[in-house]
Amino acid sequence: ARRYPPFAIMRRRPLCQGLIMDSVLDAWIEERLLADGIKDEKYPDLLLRLVRQIEQQGLKTIGIAGSQGSGKSTLARCLADLLTQARGLRAEVLSLDDFYQTRIAREEMAKQRHPLFLVRGVPGTHDVVWMREVIGRLLQGHSADVPVFDKGRDDRVGSRTLPAGVDLVILEGWCFGARPEPEERLALPINALEAEQDDAGVWRRTVNLNLAGQGYQALFDVDFLVFLQAPEFESIHRWRVEQEQRFNQGPQAMDPDQIDAFMQHYQRITQWMIEDLPSTANLVVALNRDHGIDDAKLR
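Residues numbered from 1 in each chain as written. Predicted model: local features only at pLDDT ≥ 70, side-chain atom pairs only at ≥ 80, totals over all residues. Heavy atoms only, no water.

A. Representation of helix 5 (residues 103-112). Residues of helix 5 that are buried: Arg 106, Met 109 and Ala 110. The arc enclosing the buried residues of helix 5, seen along the axis, measures out at 100 degrees, which places them on a common side. Opposite the buried face of helix 5, at more than 90 degrees from it, the exposed residues are Ile 104, Lys 111 and Gln 112. Residues of helix 5 that are buried in the fold lie against strand 3 (144-150). (Buried < 20%, exposed > 50% of the residue type's maximum accessible area, 1.4 Å probe, protein only. Helix = DSSP H or I, 4+ residues; strand = E, 2+ residues; numbered from the N terminus. Arc of directions from axis to C-beta. Contact = heavy atoms within 4.5 Å.)

B. Summary view of the sheet that holds strand 6 (residues 224-229). On the basis of which strands lie adjacent, the open sheet formed by six strands has the order 2-5-1-6-7-8 and mixed pairing. Here the strands that pair on one side only, and so sit at the sheet edges, are strand 2 (91-95) and strand 8 (293-298). If you compare each strand with its neighbour and ignore which way they point, the axes differ by 15 degrees on average. Here four bridges tie strand 6 to strand 7 (residues 283-287), and the two strands are oriented parallel to one another. The residue of strand 7 that forms the bridge with Leu 228 is Val 285. Against the sheet, helix 3 (residues 43-57) engages strand 1 (61-66), strand 5 (168-173), strand 6, strand 7 and strand 8, with an angle of about 15 degrees to strand 8. (Pairing = 2+ DSSP bridges. Axes fitted to C-alpha atoms, helices over the stretch in contact; angles between N-to-C directions.)

C. Broad picture of the pattern of salt bridges. Per the stated rule, a full pass over the model turns up 22 salt bridges. Its salt-bridge partner being Asp 154, residue Arg 120 comes within 2.8 Å of it at the nearest N-O pair. Of this pair, Arg 120 sits in the loop between helix 5 and helix 6 (128-139) while Asp 154 sits in the loop between strand 3 and strand 4 (155-162), and the two are 34 residues apart along the sequence. Residue Arg 120 is classed as buried on the basis of its relative accessible area, which comes to 15%. Connected through salt bridges with shared partners, the residues Glu 181, Arg 185, Glu 194, Asp 198, Arg 204, Arg 268 and Glu 275 form a single ionic network. (Salt bridge = Lys/Arg side-chain N within 4 Å of Asp/Glu carboxyl O.)

D. Local environment of empty space enclosed by the protein. Enumeration over the complete set of coordinates arrives at three cavities of 30 Å³ or more. By volume, the largest cavity amounts to about 100 Å³. What lines the largest cavity is simply Val 122, Glu 181, Glu 194, Trp 203, Arg 204, Val 207, Asn 208, Leu 211, His 265, Arg 268, Ile 269 and Trp 272. The biggest single contributor to the lining of the largest cavity is helix 8 (residues 202-212), with five residues. Its residues assigned to classes, the lining of the largest cavity comprises six nonpolar, two polar and four charged. (1 Å grid on protein atoms, 1.4 Å probe; cavity = no way out; pocket = protein on both sides within 12 Å on 5 of 7 lines; lining within 4 Å. Points joined across faces, edges and corners; volume = space filled by probe spheres on them. Nonpolar A, V, L, I, M, F, W, Y, C, P; charged D, E, K, R; others polar.)

E. Representation of helix 8 within the structure. Along helix 8, the positions that sit buried rather than exposed are Trp 203, Arg 204, Thr 206, Val 207, Asn 208, Asn 210 and Leu 211. Contacts from the buried residues of helix 8 go to helix 7 (192-197), helix 9 (214-219) and helix 12 (267-276).

F. Structural view of the packing of helix 2 (residues 23-36) against helix 3. The contact between helix 2 and helix 3 brings their axes to 10 Å, and the two run at 130 degrees. With respect to their mutual orientation, helix 2 and helix 3 come out oblique. By crossing handedness, the relation of helix 2 to helix 3 is classed as right-handed. Here Leu 25, Asp 26, Ile 29 and Leu 33 of helix 2 lie close against helix 3, whose contacting residues are Tyr 43, Pro 44, Leu 47, Leu 48, Val 51 and Arg 52. Class assignment for the residues of the contact of helix 2 with helix 3 results in eight nonpolar, no polar and two charged. (Parallel < 35°, antiparallel > 145°, perpendicular 65-115°, else oblique. Left-handed = near helix turned anticlockwise from the far one by under 90°.)

G. Inspection of the packing of helix 2 against helix 4 (residues 72-86) at higher detail. The contact between helix 2 and helix 4 brings their axes to 11 Å, and the two run at 140 degrees. The orientation of helix 2 with respect to helix 4, classified from their angle, is oblique. The crossing of helix 2 and helix 4 is right-handed. Contact residues: helix 2 offers Val 24, Leu 25, Trp 28, Ile 29, Arg 32 and Asp 36, while helix 4 offers Arg 77, Cys 78, Asp 81, Leu 82, Gln 85 and Ala 86.

H. How the structure looks around the side chain of Arg 90. By the element assignment, Arg 90 lies in the loop between helix 4 and strand 2. Within the local environment of Arg 90, its side chain forms a polar contact with the backbone oxygen of Pro 163, the two atoms lying 2.9 Å apart. Sequence-distant contacts of Arg 90, defined by excluding residues within four places in its chain, comprise Thr 84, Leu 162, Pro 163, Ala 164, Gly 165, Val 166, Asp 167 and Leu 168. (Polar contact = N/O pair within 3.5 Å; in protein donor to acceptor, adjacent residues only side chain to side chain.)

Below you can see the structure in the form of structure tokens.
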């Protein structure tokens, strides 16, 4: 039995006015979303809008930005599969999470710059040089080796090869597309983590300088940027707790307090992106507190 109404009913209030419907795309999307348990009636039109942008503009790179638990990885995977299976375009997804610096490299950063750099995730803890090289090779028609990062071990565990013949590269990451914060915003701690472990502001200012650097900003220079905009940070915390409960039931699973402590490393940039990224993203997808789509606007 269907878990939500057929598309003919779902489209009474279309997200994208004037969108040309395609029976092949409709059928593929309906089957895929049913399999993934995605019930948001506006999700099919979001996917269709992105397909139209790709085909009409000849896009080669798309960035998907969104906080932890916002659904950016799901959107990237669905879009790539849709393009490959229903449109005959080969799309590859690259995540910032794949390109974390090694444990040894982060231990060295922790010694030389600030102890908080041992924790992966913030700008400065990614190998953006390698990631940019991979994008370049794929777009030039070559194969490329990408790292494999094991979050359980908190380290790389080898690499894998992406074959040649890619038409589109989809890049996703929690801070993708973020711009550096104005200096005056860095003066005061934003949470307990910063107050207790970065009272002088050394870590957050170094993170901001890393974000402002050519490596990250060049990486973020994509043909089209999608931002999944959360309503506020409190919703993001709840989504992240739900994500942990759904996908990580092992001994390394975090409880809500541990998740709160972990997310404080990313709160500053996340809140800044909620304010700032709508002015630079090509498509802003406003999410409500229940994780559904309220609206999607092209800039």
